[in-house]
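What follows is the residue order along each chain.
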Amino acid sequence: AEAEDGGPQPEKHCGHGRGGMGEDVKRKEDQRFITGRGNYVDDIKKPDMLHCEIVRSPHAHARIENIDKSRALDVDGVVAVLTADDLREYDLATMPTLMADTQDVLVNDKVKFQSQEVAAVIATDRYTAKDGAQKVVVDYDVLEPVVDAEASLEDDAPLIRDDIEDKEDNHCLDWETGDEEATAEAFEEADVTVTEDMLYQRLHPAPIETCGAVGDYDPGKDKLTVHMTSQAPHIHRTLFAQVSGIPEHKIRIVSPDVGGGFGNKVPIYPGYVVAAAASYVLEQPVKWVEERSENIQSTGFARDYDMTGELAATDDGEILAVRTDVLADHGAYNAVAQPSKFPAGFFNIFTGSYDIDTAYGSLTAAYTNTAPGGVAYRCSFRVTEAVYLIERMVKVLADELGMDPAEIRRKNFIQPEQFPYESSTGWNYDSGDYEGALDKALEMADYDHYREEQQRRIDEDADKLLGIGISSFTEVVGAGPGKTCDIAGVEMFDSAEIRVHPTGNATVRVGVQTQGQGHETTFAQIVAEELGMDVEDITVEHGDTDTDPYGLGTYGSRSTPVAGAAAAVASRKVREKAKAIAANELEAAEEDITWDRESGEFHVAGAPDRSVTITEIAAGAYMNHPSSEEPGLEAVNYYDPPEMTYPFGSYIVIVEVDRETGEVEFEKFVAVDDCGNRINPMIIEGQIHGGLAQGIGTAMLEHVTFDDNGNVTGGDFMNYLLPTSMEIPNFETGHTVTPSPHHPIGAKGVGESPTVGSPPAIVNAVVDAMSHAGITHVEMPMTPDTVWAKLDEAGLAT
Ligand code: MCN
Ligand code: CUN
């Protein structure tokens, strides 16, 4: 049943042929992308535009003794060379990070990580800027670096943050959650306990488009426009205003087409500030665009959580308690991008999909001589790490007890009737049916058959072992509510504005910003569904702070849960007004007008033939508006979600492990997701495919590494390996639908689920191939030599 004002709809309400909810509408934006008509930051060209190249430190830890600009300034075409001293005049030598730390825009005194920004050369073209950058002479007094979190916390470690008053060590922060005492008790009383150390290695989001900006100050209007690769233009504008002192209404941030974000474009980077400041000072547009290695080496990294997991359970597999201790590497500044009250992100959802009475987590974060960052990369604010921890530990426990990993999950799942469910770490799960998703995945994977096949290979001493890995993850996405979640003090709501034009089409503007997720299509589908319009008649705009309503941006899979809700509520406001206009057009009383979702028409109750379409109503709103109403047909909604949404899924990965080479091949890869009511199944499937590929990269290939001198050894695509079509198997996707009870259209987010859920399934599969020989864990990335070493340890290598 469906409420008159919409309410969660069952899945069969499918688009009505107008491109509404549930239809595989082809992505509107693809027309311009596949014909080369996209407009990315680097496509922007302005008259008299200058180019900026950043001089970066070759050392990870060094005091700057002198910077000689003179030879660079001699280069024909170099217009200016900026250092921290120049920026200080404008109070821009430092900038706040999203966690209220203070980061140098250009190094003030001491370099704290390799490739940190030291100076900026502005020139008439990019090549000249680069020539100039090579002629900036910097004298460094090289200091001993520390690039390992554990080593950085030792007493004799070199002090990194001597810019912080009274700071004597590299300790960044402590955090804890849950009940330490009760958890300790549960561990003492349990029949069985298991423990495992695991590193969630440092990763890089690696969007195809690197970061960049075009600062464009207009002295005539006294207005600073910054075109930049931003996942959150509005909050970036507010921070720009706060830092620069330029009034917010004199700043316009435009985030044009964005070539992938994956979290990389949430923080503010020195390059943005330099391009904007240089343009302001020189009164000419200034472009800065990173190269690939600059992007990998200096912008926000992901993960780097060194975790110990522990589970306490009964003999028959009931999980009684979970405990974890984490050492987190935060790099040289505390610049993680997450709601300010959550120093460890949403990591405290580490009880996962299971009804566990007691839990305790503790974390220590350290500064190291590495680039700052620590949250980005399809992570749902560290849910990646939490899911990895619990899903790995459940497998470890199953092996310890000799239980089937599917069975032990089933035994511990939170049951459908327990929702809304409050976890022992204080999270309010809105809805879920974990067993339903697991059952479907088991069936799709032909689980029993592969278990038999696995045993057969063991019995026959086969060359290739079979491993079956499961992950039954729960996500939490869609921050706010504003009272608990904020970015730099601004509450995490979101917004949508709808303007229906006289000829019956509409412009929708939203406070979130697509980076490839297809918002121009799916937001139009929401409005099409709620107003009975055709999806083709709706244009979605975003990414311009001058025209779009204020919103907190796209990350944490929050666009659908928050801005999607705003779009639905704004549509319903338009629909309410449309009823008054319909009454006028049909010469009936307003209370007699009903809206029919199926036909999208408004009609007089009991007289379906007396009806008007939204197009006719739009005309009425401007050409024949009722005296009781203002002319026009538009609405805006700022939506503060009552709660987050909890999508979930079950992934089953079947691998073959070659006993001779340690190579892992995917035999089957099944992903069942539940993101509540689905707006566009085809786009969801695209999100899942992309995210699973990134999960494979995480599990098998990706790692940002450093040598002892602090050099980034995994800082380019020769050494930081991304999965290609060669490494990606055929994915078999499935879904279940458990609508969010509090979301206006029952939808949950999905953008990060596959990357959050898949790494533990893949590692569990590889471990499963060797668990009969006592192997309990394999560290990521599971390169052939890592796997072979484990085979060797277990006596399985041939
Ligand atoms: N969707 C849907 N029905 C649902 C849920 C979602 O049709 N029930 C659709 C949405 O309408 C949207 C897409 O799926 O078009 C993703 O929606 P959502 O889960 O709300 O996530 P966001 O739009 O907020 O995207 C953010 C998420 C994050 S945080 C990262 S990181 C990531 C990801 O999306 N970065 C991406 N997917 C990406 N995909 C691409 N191509 N590029 C990125 O940079
Ligand atoms: Cu964590 S990466 Mo996405 O939230 O932009």
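Caption draft 1: Up close: the overall build of the protein chain. Across its full length, the protein chain holds 19 helices and 32 strands. Taking 28 Å as the expected radius of gyration for a compact globule of 798 residues, we find that the protein chain reaches 28 Å, a close match to that expectation. Taking the principal axes of the C-alpha coordinates as reference, the protein chain spans close to 85 × 75 × 50 Å. Pairs at least 24 residues apart make up 79% of the contacts formed inside the protein chain by residues separated by at least 6 positions. Total accessible area on the protein chain is roughly 28,500 Å²; 46% of this is exposed by carbon and sulfur atoms. Side chains of the protein chain give 61 positive and 144 negative charges; the mean places of these two sets differ by 7 Å.

Caption draft 2: Spatial organisation of the domain arrangement of the protein chain. Split by domain assignment, the protein chain resolves into domain 1 (15–38 + 494–639), domain 2 (41–143 + 211–289) and domain 3 (386–391 + 401–479 + 644–793). A straight line from the C-alpha centre of domain 2 to that of domain 3 covers 40 Å. Taken together, the two surfaces of domain 2 and domain 3 that pack against each other cover about 300 Å², and 38% of this comes from carbon and sulfur. Broken down residue by residue, the surface that domain 2 buries against domain 3 is led by Ala-60, Gln-114 and Phe-262, which jointly contribute 94%. The interface formed by domain 2 and domain 3 holds 0 salt bridges in total. The interface formed by domain 2 and domain 3 contains 2 residue pairs in polar contact (both at pLDDT 80 or more).

Caption draft 3: Inspection of the environment of Glu-667 at higher detail. Within the element layout of this structure, Glu-667 appears in strand β31 (residues 664–674). Separated by 401 residues in the primary sequence, Glu-667 and Val-266 have C-alpha atoms spaced 36 Å apart. Aside from chain neighbours lying at most four places away, what touches Glu-667 is Tyr-450, Ile-654, Val-655 and Glu-656.

Caption draft 4: Structural detail: the packing of helix α11 (residues 405–412) against helix α12 (residues 434–445). Where α11 meets α12, the axes come as close as 10 Å, and the angle between the chain directions of the two elements is 165 degrees. With respect to α12, the element α11 is oriented roughly antiparallel. Between α11 and α12 lies a crossing whose hand is left-handed. Across from Ala-406, Arg-409 and Arg-410 in α11, the residues of α12 making contact are Glu-435, Leu-438, Asp-439 and Leu-442. Residues that form the contact of α11 with α12 fall into these classes: 3 nonpolar, no polar and 4 charged.

Caption draft 5: Expanded view of the site of ligand 1. Taken together, the neighbourhood of ligand 1 is formed by 33 residues, with Gly-261, Gln-517, His-519, Thr-560 and Val-750 sitting nearest. Contacts to ligand 1 include Gly-261, whose backbone N or O atom sits 2.6 Å from an oxygen atom. Taking 830 Å² as the accessible area of ligand 1 by itself, protein coverage stands at 96%. Broken down by secondary-structure element, the contributors of at least two residues to the shell around ligand 1 are α14 (519–531), α15 (559–586) and α17 (681–700). Of the residues belonging to the shell around ligand 1, the class tally is 9 nonpolar, 19 polar and 5 charged.

Caption draft 6: Inspection of helix α4 (residues 126–134) at higher detail. Those residues of α4 that sit buried are Thr-128, Ala-129, Gly-132 and Ala-133. Each buried residue of α4 lies within a common arc of 140 degrees when the element is viewed along its axis, so the set occupies one face. With respect to the buried face of α4, the exposed residues turned more than 90 degrees away are Tyr-127 and Gln-134. Where α4 is buried, its residues touch β1 (50–56), α2 (70–74), β3 (78–82) and β7 (117–123). Sitting at the amino-terminal end of α4 is Asp-125, which places a side-chain oxygen 2.9 Å from the backbone nitrogen of Tyr-127.

Caption draft 7: Expanded view of α15. The end-to-end C-alpha separation of α15 is 38 Å, in line with the 40 Å expected for 28 residues at 1.5 Å each. When you tally the buried positions in α15, you get 22 out of 28 residues, the bulk of the element. Immediately beyond the C-terminal end of α15, within one or two residues, lies Glu-587, with a positive phi of roughly 50 degrees.

Caption draft 8: A look at the sheet that holds strand β23 (residues 494–500). Overall, mixed pairing links the 4 strands, which are arranged β25-β24-β23-β29 in an open sheet. The open sheet is flanked by β25 (538–541) and β29 (634–639), the only strands paired with a single partner. Across the sheet, the axes of successive neighbouring strands diverge by a mean angle of 15 degrees, strand direction being ignored. With 4 bridges joining them, strand β24 (residues 506–510) and β25 adopt parallel strand pairing. Note that in β25 the partner of Val-508 across the bridge is Val-540.

Caption draft 9: Molecular detail of the sheet that holds strand β20 (residues 464–474). Strand order in the open sheet formed by 4 strands is β20-β30-β31-β32, with mixed pairing between adjacent strands. Edge positions in the open sheet fall to β20 and β32 (732–735), since each of these has one partner strand only. With direction set aside, neighbouring strand axes in the sheet form an average angle of 15 degrees. Pairing between β20 and strand β30 (residues 648–658): 11 bridges, direction antiparallel. Its bridge partner lying in β30, Leu-465 is registered against Val-657.

Calculation rules
- Residues numbered from 1 in each chain as written.
- Chains lettered and ligands numbered in written order.
- Predicted model: local features only at pLDDT ≥ 70, side-chain atom pairs only at ≥ 80, totals over all residues.
- Heavy atoms only, no water.
- Helix = DSSP H or I, 4+ residues; strand = E, 2+ residues; numbered from the N terminus.
- Rg over C-alpha atoms; globule rule 2.2 N^0.38 Å.
- Contact = heavy atoms within 4.5 Å.
- Areas by Shrake-Rupley, 256 points an atom, 1.4 Å probe, with all protein chains shown as cover.
- Lys, Arg positive; Asp, Glu negative; His and termini not counted.
- Charge placed at Lys NZ, Arg CZ, Asp CG, Glu CD.
- Domains from an automatic or database assignment.
- Buried area = accessible area lost by both parts, 1.4 Å probe.
- Salt bridge = Lys/Arg side-chain N within 4 Å of Asp/Glu carboxyl O.
- Polar contact = N/O pair within 3.5 Å; in protein donor to acceptor, adjacent residues only side chain to side chain.
- Axes fitted to C-alpha atoms, helices over the stretch in contact; angles between N-to-C directions.
- Parallel < 35°, antiparallel > 145°, perpendicular 65-115°, else oblique.
- Left-handed = near helix turned anticlockwise from the far one by under 90°.
- Nonpolar A, V, L, I, M, F, W, Y, C, P; charged D, E, K, R; others polar.
- Near = heavy atom within 4 Å.
- Buried < 20%, exposed > 50% of the residue type's maximum accessible area, 1.4 Å probe, protein only.
- Arc of directions from axis to C-beta.
- Expected span 1.5 Å × (residues − 1).
- Pairing = 2+ DSSP bridges.

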